[in-house]
Amino acid sequence: MSNLHRESMSFREGVDRMVDRATLAAGLDPNTAQIIKASSAVLQVRFPVRVRGGIEVFTGWWSVHSTHRLPAKGGLRFAPHVNQDETEALSALMSYKCALADIPFGGAKGGLMIDPSRYSVDELREITRHFAQELARRGFLDPATNVPAPDMGTSAREMAWIADTYKSLYPEDVNQDACVTGKPVNRGGIPGRTEATGKGVQLALQEYFRHPEEVAKSGLNDGLTGKRIVVQGLGNVGYHAAKFLAEEDQARIVAIIERDGAVINEAGLNVHDVRQYLAEHGGVKGFSGGSYQEHGSKVLEMDCDILIPAALESQIHAENAMHIQARLIAEGANGPVTYEADEILRRRGVVMLPDVWVNAGGVTVSYFEWTRNLSHMRFGRLQRRFDELRGQNYASALEQMTDTEMPSRLRAEIVRGASELDLVRSGLDDTMRAAFADIRDTLKRNPEIQDYRTAAYVIAIRKLAQSYHDLGLVEAVD
Ligand code: GLU
């Protein structure tokens, strides 16, 4: 999954260009766009940690792109390639994503330059705790202003370490749990957060396929059943997206691309088995449930209905965009399609469901977790038994009035009070649907805009401009 290719602009510049394009398309004020594009702060820290008897110095960033709503929110990435440009680009995407999904947060992102596979769990804990301390002491980590979450190379485990570090520094903060999201469920997390981004990818695709006139734009038809899908990256996002699409929508995952190559099976791969094999062997080579192809980049160009890039940014770029054969691209990763590739693909009529919509599931459920932490109560605690009782009364009333006994499965469905996971999934589904309704509405109102990404950016920019205007920072939004 190399991204060593020639591109005329950086990731950050590419994101800015997308803002410019949307600004122009919607006739918004270019000065407003200038203000929106600018990051409000970038913190760079270097800190020494004692590892294996020696001292190693680590470099990390926290970029705050917007603070019109607080806290500023975004993932914390642990990867060797992390740099300031990438962190800033990703923090800008967080602002647009939150605005589009109606999540009342600003946009931020963090990164630590590290290859986590080179360190033991104890060492990683030590390094993470140091990084969290650096952020907290400088005011870049707390429930009110900057709240990280899992991203590439981090998971609930790192979030638990960060929360623990914050708590030891600020034991008097009654909202300390809310300083980070994506925590383990028994440490202030919320059910459904780990699966959330992948689940959101599935829900976005389900929503897209509910609208035949939209589906026709990609030249596809009907629903997701039997659709041939290629997934790049079987990390948290790719795995959950592929698993749900295969198990619940009967889509066929015909190829999975990983670091060491790809596995292909026209009959559909068993996603769970591939993930298991990957965890045990560190790669997909040798997996018996499919044929192995060493050149993953070639498989990205394979004929399929839907391509889900769920790995790194800039995987579809100026040099391979011409060869992509998928009809529809659902962006599970952040920024998987470069600005130049986006232009090429649009010219070729390939439909892209943009990252700011498709992968908004993670931050959406982070919002639920943060709210839950501030309320100090799990969702549904007050209503669940009451709903159950009301369901029982409905069922009994129906039975009495019709003099018929209700089939027990139907009765069980009616009387069931929602679990917290039910509520989280319902809220996530609603968010994904509402965002696509806004995108479609924007396309209808602006016939000169032809693609979903520009429409999504127009919505986000308008919302950001409106709140900057409310603060007296920019002219009125037309
Ligand atoms: N890392 C995720 C993203 O890029 C989630 C961020 C969050 O939950 O704050 O959207």
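Everything here concerns the structure above.
Described in the following lines is the structure provided in the data block. (Residues numbered from 1 in each chain as written. Predicted model: local features only at pLDDT ≥ 70, side-chain atom pairs only at ≥ 80, totals over all residues. Heavy atoms only, no water.)

A count of helical and extended segments in the protein gives 17 helices and twelve strands. Its C-alpha radius of gyration of 23 Å places the protein within 12% of the 23 Å reference for a compact globule of 478 residues. In terms of overall dimensions, the protein has C-alpha extents of about 75 × 60 × 55 Å along its principal axes. Considering the protein as a whole, with its 478 residues, one finds that 56% of them fall into the buried category. Accessible surface computed for the protein: about 20400 Å², of which carbon and sulfur atoms make up 49%. Of the side chains in the protein, 55 bear a positive and 64 a negative charge, and the two mean positions are spaced by 2 Å. (Helix = DSSP H or I, 4+ residues; strand = E, 2+ residues; numbered from the N terminus. Rg over C-alpha atoms; globule rule 2.2 N^0.38 Å. Buried < 20%, exposed > 50% of the residue type's maximum accessible area, 1.4 Å probe, protein only. Areas by Shrake-Rupley, 256 points an atom, 1.4 Å probe, with all protein chains shown as cover. Lys, Arg positive; Asp, Glu negative; His and termini not counted. Charge placed at Lys NZ, Arg CZ, Asp CG, Glu CD.)

We now examine the site of the ligand. Of all residues adjacent to the ligand, which total 14 residues, the nearest are K73, K97, P150, D151 and S366. Interatomic distance of 2.9 Å between a backbone N/O atom of P150 and a nitrogen atom of the ligand. Measuring from a nitrogen atom of the ligand, one finds a side-chain N or O atom of D151 at 2.7 Å. For the ligand, the accessible surface in isolation is 290 Å², of which the surrounding protein chains cover 96%. Among the residues making up the shell around the ligand, the classes are represented as four nonpolar, five polar and five charged. (Near = heavy atom within 4 Å. Polar contact = N/O pair within 3.5 Å; in protein donor to acceptor, adjacent residues only side chain to side chain. Nonpolar A, V, L, I, M, F, W, Y, C, P; charged D, E, K, R; others polar.)

What follows concerns the packing of aromatic side chains. Applying the stated rule across the entire model yields 14 aromatic pairs. Residues Y208 and F209 carry aromatic rings whose centres are separated by 5.4 Å and whose planes lie at 90° to one another, so their mutual orientation is edge-to-face. Taking relative accessible area as the criterion, F209 reaches 11% and is therefore assigned buried. A connected cluster of aromatic rings, assembled from ring pairs, spans Y208, F209, W357, F436 and Y452. The ring of F244 carries K199 above its face, with NZ or CZ at 4.1 Å from the centroid. (Phe/Tyr/Trp six-rings, centres within 6.5 Å; stacked < 30°, edge-to-face > 60°. Lys NZ or Arg CZ within 6 Å of the ring centre and 35° of its normal.)

Further remarks concern unusual backbone geometry. Each neighbour pair has its own omega, and for L70 with P71 the value is 5°, a cis peptide bond. Following the sequence through the fold, P71 ends up in the loop between β2 (54-64) and β3 (72-79). Here the phi dihedral of H376 falls at roughly 60°; this positive angle occurs in a residue that is not glycine. Following the sequence through the fold, H376 ends up in the loop between α13 (361-375) and α14 (384-402).

What follows deals with the nonpolar core. Y96, L205, I308, L353, W357, I439 and Y457 are the most contacted members of the largest nonpolar core, which has 79 residues in total. Not counting residues within four places of it along the chain, the set of residues in contact with Y96 comprises V15, V19, I36, K37, H65, V356, Y457, A460 and L464. Membership of the second largest hydrophobic core comes to 30 residues, among which are F58, W62, V64 and L141. (Core = buried A, V, L, I, M, F, W, Y, C linked by side-chain atoms within 4.5 Å. Contact = heavy atoms within 4.5 Å.)

Evaluation of the coordinates by the stated rule reveals zero disulfides. C98 carries a free sulfur, and the closest cysteine sulfur to it, the one in C179, is 17 Å from it. The exposure class assigned to C98 is buried, which follows from its relative accessible area of 0%. (Disulfide = S-S within 2.5 Å.)

This part is about the pattern of salt bridges. Throughout the structure, instances matching the rule amount to 43 salt bridges. Notably, a salt bridge pairs E213 with R440, separated by 2.4 Å at the nearest N-O pair. Remark: R440 occurs in helix α16 (residues 420-445) and E213 occurs in helix α7 (residues 212-215); sequence separation between them is 227 residues. Take R440: its relative accessible area is 15%, and that puts it in the buried class. (Salt bridge = Lys/Arg side-chain N within 4 Å of Asp/Glu carboxyl O.)

In terms of burial, strand β4 (residues 106-113) is largely enclosed, as seven of its eight residues are buried. Summarising the sheet, β2 and β4 pair through five bridges and their orientation is antiparallel. Note that in β4 the partner of S63 across the bridge is K109. With six bridges connecting them, β3 and β4 associate as parallel partners. (Pairing = 2+ DSSP bridges.)

To continue, consider the sheet that holds β3. Taken in spatial order, the five strands make up an open sheet running β1-β2-β4-β3-β5, and their pairing is mixed. Strands with a single pairing partner mark the edges of an open sheet, and in this sheet they are β1 (41-51) and β5 (146-150). Across the sheet, the axes of successive neighbouring strands diverge by a mean angle of 25°, strand direction being ignored. Against the sheet, helix α3 (residues 84-100) makes contact with β1, β2, β3 and β4, and its axis sits at roughly 150° relative to β4, the strand it touches most. (Axes fitted to C-alpha atoms, helices over the stretch in contact; angles between N-to-C directions.)

When two helices pack together, their arrangement is given by the angle between the helix axes and the distance between those axes. For the pair helix α2 (residues 30-37) and helix α17 (residues 452-470), the least separation of the axes is 10 Å and the interaxial angle reads 90°. Classified by the interaxial angle, the pair formed by α2 and α17 is roughly perpendicular. Counting all contacts with α2, which are made through T32, I35 and I36, the residues of α17 involved are I461, L464, A465 and Y468. Split by residue class, the contact of α2 with α17 holds six nonpolar, one polar and no charged. (Parallel < 35°, antiparallel > 145°, perpendicular 65-115°, else oblique.)

The mixed open sheet is built from seven strands, whose spatial order is β9-β8-β7-β6-β10-β11-β12. Because the sheet does not close on itself, it has two edges, and the strands there are β9 (291-293) and β12 (351-353). Going from strand to strand, the sheet's axes swing by 20° on average, the running direction of each strand aside. With three bridges joining them, strand β11 (residues 328-330) and β12 adopt parallel strand pairing. Its bridge partner lying in β12, I329 is registered against M352. Sitting on the sheet, helix α8 (residues 236-249) touches β6 (228-232), β7 (252-258) and β10 (306-309), and the angle it makes with β6 is about 165°.

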